[in-house]
Amino acid sequence: MMKNKGKIAALLLAFAVAALTVSACGKDGGRSEELKTVKFSEVIRSIFYAPHYVAMSQGFFEDEGLNVDMNTAQGSDKGAAALIAGTADISLVGPETTIYIFNQKGEKTLKAFHQLTAKDGSFLLSREKLDGFQWTDLSGKTILGWRPGSAPQMVMNSLLIREGAEGADVVTNIASPALAGAFTSGQGDFIQLFEPVASTLVQEGKAHYVASLGEAFGEFPETSYVATSDYIQSHPDVIQSFVNAVAKGAEWLNAASDDDIAKALAPFFEGTSDELIIQSVNRYKDQGTWPTHPELTQEQFDTLQDVLVENGVLKETERIANMDDVVDMSFVQNLGKTE
């Protein structure tokens, strides 16, 4: 009788272990053990990059076999440096960094492989409420802006030139995480911010919405996914999976309800209300921020180089004649062709 009880106990234990094994595999059939970790660096934390966070929260990267280990660089220069140093595999940065690195003629080059945004993502806020704003209203005023050579700084400068706002003093030496605090402490007449920080200041009554730089400037390839040429060549499957996941994130974002969007993005923006998250997403949607086909085109690349030259960070003789030297859109072109 004791032997039978021992056999029964052993069988029960075996069933329990099997059940735990099935449970651990979960809905992905054990894929968690097979995920390829990608070291990823984002330029800043902003709802401007919502499709990426959606891809993370909705499991689209995992569906593609990837585990994204994300950190925030606080600057495209730092994100590009992480790629060169090997501390990041993929960075979300301004595509101008690929041009800068190429012209340095170093051992490594960078290539943009997915164009996430098609407009500048910053907004101009004022300390005092303005009616009938004109860009010339910035003449003689102080604007808290972004670091020299960054995409939002160059878009701002090009707009000031285009609109004839002479004598505007754009402050560019305040670190991006400190911009809002500097403005609320009394510095500057205007400030250039991304969402959701911009809407947060407005809601708190510390600033007034003035204009969208994305709408005012027009088409501009502000932020791309970038990797070294070596990494792209050695890991084409990873790059394709990454592109697939982000594309799914953008598609989901365009179709989801406000409640679902807020739920998906909230973990990445602690302390930001659902109302402000939705307002920020809709503001970016309305200005056509996220292209339906995330390809960096020749026309956009030419616009980018025009802006770089206009801002004095690229000489005419340093223009990239062959876009393929710093751009590889083959993975985007594969969207819809691969499963």
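Sequence order as written defines residue numbering, which begins from 1 separately in each chain. With pLDDT at 70 or above as the cut-off, local features in this predicted model cover only qualifying residues; side-chain atom pairs require 80 or more to be listed or tallied, and sums for whole chains, interfaces and linings still use all residues. Working from all heavy atoms in the structure, the side-chain values ignore hydrogens and water.

In this structure, what is going on with the packing of helix 2 (residues 50-57) against helix 11 (residues 236-255)? I would like to understand it.
The relative placement of two packed helices comes down to the angle between their axes together with the axis-to-axis distance. In this description, a line fitted to the C-alpha atoms serves as the axis of each element, helices being fitted only across the stretch in contact, and the angle between N-to-C directions of two axes falls anywhere from 0 to 180 degrees. A run of H or I in DSSP counts as a helix once it spans at least four residues, and a run of E counts as a strand once it spans at least two, with each numbered from the N terminus. Two elements in contact, helix 2 and helix 11, have axes separated by 7 Å at closest approach and are oriented at 105°. With respect to helix 11, the axis of helix 2 lies roughly perpendicular. Where helix 2 abuts helix 11, its residues Ala50, Pro51, His52, Val54 and Ala55 lie against Phe242, Ala245, Val246, Gly249, Ala250, Trp252 and Leu253. Throughout this description, any angle smaller than 35 degrees is read as roughly parallel, any larger than 145 degrees as roughly antiparallel, any in the 65 to 115 degree range as roughly perpendicular, and the remainder as oblique. Any two residues whose heavy atoms approach within 4.5 Å at even a single point are treated as in contact.

Looking at this structure, how should I read the nonpolar core?
Nonpolar side chains tend to gather and get buried jointly when the protein is soluble and globular. Core analysis: the largest hydrophobic core is formed by 101 residues, its most contacted members being Ile90, Phe113, Leu124 and Phe242. Of the residues forming this core, the biggest block, seven residues, is contributed by helix 11. Ignoring sequence-local partners within four residues, the contact set of Ile90 consists of Val38, Lys39, Phe40, Ser41, Leu83, Phe113, Tyr225, Val226, Ala227, Tyr231, Ile239 and Phe242. Remark: nonpolar core denotes a set of buried residues (Ala, Val, Leu, Ile, Met, Phe, Trp, Tyr, Cys) joined through side-chain atoms within 4.5 Å. Here the term buried applies to any residue with accessible area under 20% of the maximum for its type, exposed to any over 50%, and partly exposed to those in between, with areas from a 1.4 Å probe on protein chains only.

I keep staring at the sheet that holds strand 5 (residues 122-126) and nothing clicks. Help me out?
Pairing between sheet strands relies on hydrogen bonds along the backbone, with the strands arranged either parallel or antiparallel. Note on pairing: two strands pair once DSSP finds at least 2 bridges between them. An order of 7-6-8-5-9 is seen for the five strands of this open sheet, with the pairing classed as mixed. If you trace the sheet from one side to the other, it starts and ends with strand 7 (169-171) and strand 9 (208-212), each paired once. Across this sheet, the average inter-strand angle for adjacent strands is 30°, counted without regard to direction. Pairing between strand 6 (residues 142-144) and strand 7: three bridges, direction parallel. Opposite Ile143, over in strand 7, you have Val170 as the bridge partner. On the sheet, helix 6 (residues 151-163) packs against strand 5, strand 6, strand 7 and strand 8 (190-194) and is oriented at approximately 135° with respect to strand 8.

Explain the environment of Ala168 to me, please; I cannot follow it from the model alone.
With respect to the secondary-structure elements, Ala168 resides in the loop between helix 6 and strand 7. Classification of Ala168 by relative accessible area gives partly exposed; the value is 21%. Sequence-wise, Ala168 and Leu138 are 30 residues apart; in three dimensions their C-alpha atoms are separated by 5.7 Å. Those residues in contact with Ala168 that sit more than four places away from it in its chain are Leu138, Ser139, Gly140, Lys141, Ile143 and Leu160.

Which parts of the structure should I look at to understand a negative patch on the surface?
Like-charged residues within 9 Å of one another, or nonpolar side chains (Val, Leu, Ile, Met, Phe, Trp, Tyr) within 5 Å, are grouped into patches, provided each residue has over 30% relative accessible area and no salt bridge. Each accessible area is a Shrake-Rupley result for a 1.4 Å probe, and residues are judged covered by the shown protein chains and nothing else. Any carboxyl oxygen of Asp or Glu within 4 Å of a side-chain nitrogen of Lys or Arg constitutes a salt bridge here. The charge count includes Lys and Arg as positive and Asp and Glu as negative, but it does not include His or the ends of the chains. Lysine's charge is taken at NZ, arginine's at CZ, aspartate's at CG and glutamate's at CD. Together, Asp258, Asp259, Asp260 and Asp274 make up a negatively charged patch on the protein surface. Ranked by the residues each element gives to the negative patch, the list is headed by helix 12 (residues 258-265), at three residues. Mapped onto the elements of the fold, Asp258 is located in helix 12. Exposure remark for Asp258: the relative accessible area of 39% places this residue in the partly exposed category.

What exactly am I supposed to notice about the side chain of Asp89 here?
In this structure, Asp89 sits in the loop between helix 4 (76-85) and strand 3 (90-93). For the buried Asp89, which has no salt bridge, the nearest side chain bearing the opposite charge is Lys39, at an N-O separation of 4.2 Å. If we skip the residues at most four places from it in the chain, Asp89 touches Thr37, Val38, Lys39, Leu83, Val226, Ala227 and Tyr231.

Any chance you could explain the confidence of the model for the protein here in plain terms?
The predictor rates its confidence in each residue with pLDDT, a number between 0 and 100. Chain-level statistics for the protein give a pLDDT mean of 90 and a share of 90% at 70 or above. Below a pLDDT of 50 lies the segment residues 1-32, which in the model reaches five contacts outside its immediate sequence neighbourhood of four places, other chains included.

Teacher, can you tell me more about the pairing of strand 3 here?
What you see with strand 3 is no split at all: Ile90 and Leu92 on one side and Ser91 and Val93 on the other are buried throughout. Here strand 1 (residues 36-42) pairs with strand 3 via three bridges, running parallel. If you follow Glu42 over to strand 3, its bridge partner there is Leu92. As paired strands, strand 3 and strand 10 (residues 224-228) are joined by three bridges and run antiparallel to one another. Among the inter-strand pairings, Leu92 is bridged to a residue of strand 10, identified as Tyr225.

Just checking my understanding: could you explain the sheet that holds strand 10 for this structure?
Reading across the sheet, the five strands line up as 2-1-3-10-4 and stay open at both edges, with mixed pairing between neighbours. What marks the edges here is a single partner per strand, and that holds for strand 2 (66-72) and strand 4 (110-115). Geometrically, the sheet is characterised by an average inter-axis angle of 30° between neighbouring strands, direction not taken into account. Across seven bridges, the pairing between strand 1 and strand 2 is parallel. Across the sheet, residue Lys39 finds its bridge partner in strand 2, namely Asp69. Of the strands in this sheet, strand 1, strand 3, strand 4 and strand 10 touch helix 4, which is tilted by about 165° from strand 3. Relative to the sheet, helix 11 contacts strand 1, strand 2, strand 3, strand 4 and strand 10, its axis offset from that of strand 4 by approximately 30°.

Please clarify how helix 5 (residues 96-103) should be interpreted in this entry.
Side chains three or four residues apart in an α-helix point the same way, a direct result of the helix having 3.6 residues per turn. Among the eight residues of helix 5, six are classified as buried, and the element is accordingly described as predominantly covered. Elements that come into contact with the buried residues of helix 5 comprise helix 4, strand 3, strand 4, helix 6, strand 10 and helix 14 (298-310).

Help me out: how do you make sense of the packing of helix 5 against helix 14 in this one?
Close contact between helix 5 and helix 14 brings their axes to 10 Å; oriented N to C, the two are set at 70°. As far as their axial angle goes, helix 14 and helix 5 are roughly perpendicular. In the packing of helix 5 onto helix 14, the handedness of the crossing is right-handed. Contacts between helix 5 and helix 14 pair Glu96, Ile99 and Tyr100 from the former with Phe301, Leu304, Gln305 and Leu308 from the latter. Handedness of a crossing is defined here by the sense of rotation of the near helix relative to the far one, left-handed for an anticlockwise turn of less than a right angle and right-handed for a clockwise turn.

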